[in-house]
Amino acid sequence: MGSARTAGWVAAGLIVGVGAGFYLYRLSRGRQRTKRGVRPSGSAGTFIEQNHEMRLVQGGKNVGTGKAGWHEVAQNCDQPIRLTSEDLTNGSYNDVLNAEQLRKLLYLLESTEDPIITEKALVTLGNSAAFSTNQAIIRELGGIPIIGSKINSPNHSIKEKALNALNNLSVNVENQIKIKVFVSRVCEDVLSSPPDSAAQLAGLRLLTNMTVTNAHQHLLSTAVADLFGLLLAANGNTKVQVLKLLVNLSENPAMTEGLLSAQVDASFLSLFDGHVAQEILLRVLTLFQNINNCLRVEAVQPPFPEGSLFSLLYGEECVQKMKALVNHHEVDVREKAVTIIPKF
């Protein structure tokens, strides 16, 4: 909860005005609400950024640190605009940012052109979006288009942070309705990003979340063959994440024909080798299993062209690999292979 608490500190006393290089923070104590009304409270101290940390100083004495969420900066304003918060009183800080703090963060993100501030604001919003309450608040404040616009940034770090924030927001089904407009662009970026980059992985995570249900899977129908190509080219976590996405698509009978007709390199069958890492092997077997299950309920029209996923999965080489996996040392692998064998 520390990161959300730190975000609460820095959201409390934002001043947007002249002095772009000025890294001094003044934390203004909010007004304390009591049953008899609202009364002012004393100063909590000053935050100063030192080596990417926020140091709380009271009376010239360093009394604590916290990561900087973002810094105060001028954005060509003739007069400073003072934005204060009233929820930080008596040293008690909420772990979850409130609607007013989130509104200020979104205002900051929308108005600044400073890449450092943009990135830090996106990190804070992304952390805040991990809380279900804030997922709804950010949507209601119109924050999803603001965050989503940052995926167009040429700065890969900003793009990654924006994708991470959208990923957290996408856990909320209502938010997915707003986020779906970015799916095509995210897919294009995933396929064109530097291999195994942080931005590529962040985009894949978002696409995976957006395809947990069938509602938006059709938006990826034209990218299926490219996703298989990425699967074979990727390494480590990226390969696993592409498989998670393809497994999601394979659960939908409406996507079955598109998957089976995709042109896929023959090296795909090497993923069924017994020595392949279990996290890869189990997922590629689940992909095959899901396609088999969908064939029962979907009227798929063969024949499929040579070099298609269908020709690989139901060819003789794959039959031999499935038979070998029936004797695999891992029971989970054996069980999946046994369920697939009867389909040949």
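Draft legend 1. Spatial organisation of the overall build of the protein chain. Helix and strand content of the protein chain: 16 helices and 8 strands. For the protein chain, the share of sequence-separated contacts (at least 6 apart) that also reach a separation of at least 24 residues comes to 69%.

Draft legend 2. The arrangement of the environment of E335 in detail. Looking at the secondary structure, you find E335 in helix α16 (residues 331–340). Taking the C-alpha atoms as reference points, E335 and L325, 10 residues apart in sequence, are found 9.1 Å from one another.

Draft legend 3. The nonpolar core, seen in detail. If you look at the biggest cluster of nonpolar residues, it comprises 77 residues, and the most contacted ones within it are I147, F228, L246, F268 and F272. Residues contacting I147, with those up to four places away along its chain left out, are L106, L109, L122, L125, I138, A162, A165, L166 and L169.

Draft legend 4. A look at helix α13 (residues 278–295). Taking 1.5 Å per residue, 18 residues should reach 26 Å; α13 reaches 26 Å between its end C-alpha atoms and fits that length. With 13 of its 18 residues buried, α13 lies for the most part within the structure.

Draft legend 5. Quick look at the packing of helix α10 (residues 224–233) against helix α11 (residues 236–250). One can describe the packing of α10 onto α11 by two numbers: an axis separation of 8 Å at closest approach and a directional angle of 150°. Accordingly, the angle class assigned to the pair α10 and α11 is roughly antiparallel. The way α10 lies across α11 gives a crossing that is left-handed. Mapping the contact onto sequence places L227, F228, L230, L231 and L232 in α10 and K239, V242, L243, L245, L246 and L249 in α11. Residue composition of the contact of α10 with α11, grouped by class: 10 nonpolar, no polar and 1 charged.

Draft legend 6. Geometry of the packing of helix α6 (residues 156–169) against helix α9 (residues 198–210). For the pair α6 and α9, interaxial distance at closest approach is 8 Å and the crossing angle is 20°. Considering their axes alone, α6 and α9 lie roughly parallel with respect to each other. In this structure, α6 crosses over α9, and the sense of that crossing is left-handed. Facing α6, whose interface residues are H156, K159, E160, L163, N164, L166 and N167, α9 presents A198, A199, A202, G203, R205, L206 and N209.

Draft legend 7. Just the pattern of salt bridges, in detail. In this structure the tally under the stated criterion is 8 salt bridges. Across the pair D189 and R185 runs a salt bridge whose closest N-O atoms are separated by 3.0 Å. Taken as a pair, D189 and R185 lie in helix α8 (residues 183–192) at a separation of 4 residues, close to a single helical turn. Relative accessible area serves as the criterion here: at 13%, D189 is assigned to the buried category. Each of the salt bridges in this network shares a partner with another, and the network as a whole consists of E119, E160 and K161.

Draft legend 8. Highlighting the packing of aromatic side chains. According to the stated counting rule, one finds 6 aromatic pairs in the structure shown. Seen in terms of ring centroids, F268 and F272 are 5.7 Å apart; in terms of plane orientation they differ by 85°. Their pairing is edge-to-face. F268 gets classed as buried once you look at its relative accessible area, which sits at 1%. Taken together, a centroid distance of 5.5 Å and an interplanar angle of 85° make the contact between F288 and Y314 edge-to-face. Of this pair, F288 sits in helix α13 while Y314 is found in the loop between α14 (309–313) and α15 (316–325), placing the two residues 26 residues apart along the sequence. The class of F288 is buried, set by a relative accessible area of 1%. Classification of Y314 as partly exposed rests on a relative accessible area of 22%.

How each quantity is defined
Residues numbered from 1 in each chain as written. Predicted model: local features only at pLDDT ≥ 70, side-chain atom pairs only at ≥ 80, totals over all residues. Heavy atoms only, no water. Helix = DSSP H or I, 4+ residues; strand = E, 2+ residues; numbered from the N terminus. Contact = heavy atoms within 4.5 Å. Core = buried A, V, L, I, M, F, W, Y, C linked by side-chain atoms within 4.5 Å. Buried < 20%, exposed > 50% of the residue type's maximum accessible area, 1.4 Å probe, protein only. Expected span 1.5 Å × (residues − 1). Axes fitted to C-alpha atoms, helices over the stretch in contact; angles between N-to-C directions. Parallel < 35°, antiparallel > 145°, perpendicular 65-115°, else oblique. Left-handed = near helix turned anticlockwise from the far one by under 90°. Nonpolar A, V, L, I, M, F, W, Y, C, P; charged D, E, K, R; others polar. Salt bridge = Lys/Arg side-chain N within 4 Å of Asp/Glu carboxyl O. Phe/Tyr/Trp six-rings, centres within 6.5 Å; stacked < 30°, edge-to-face > 60°.

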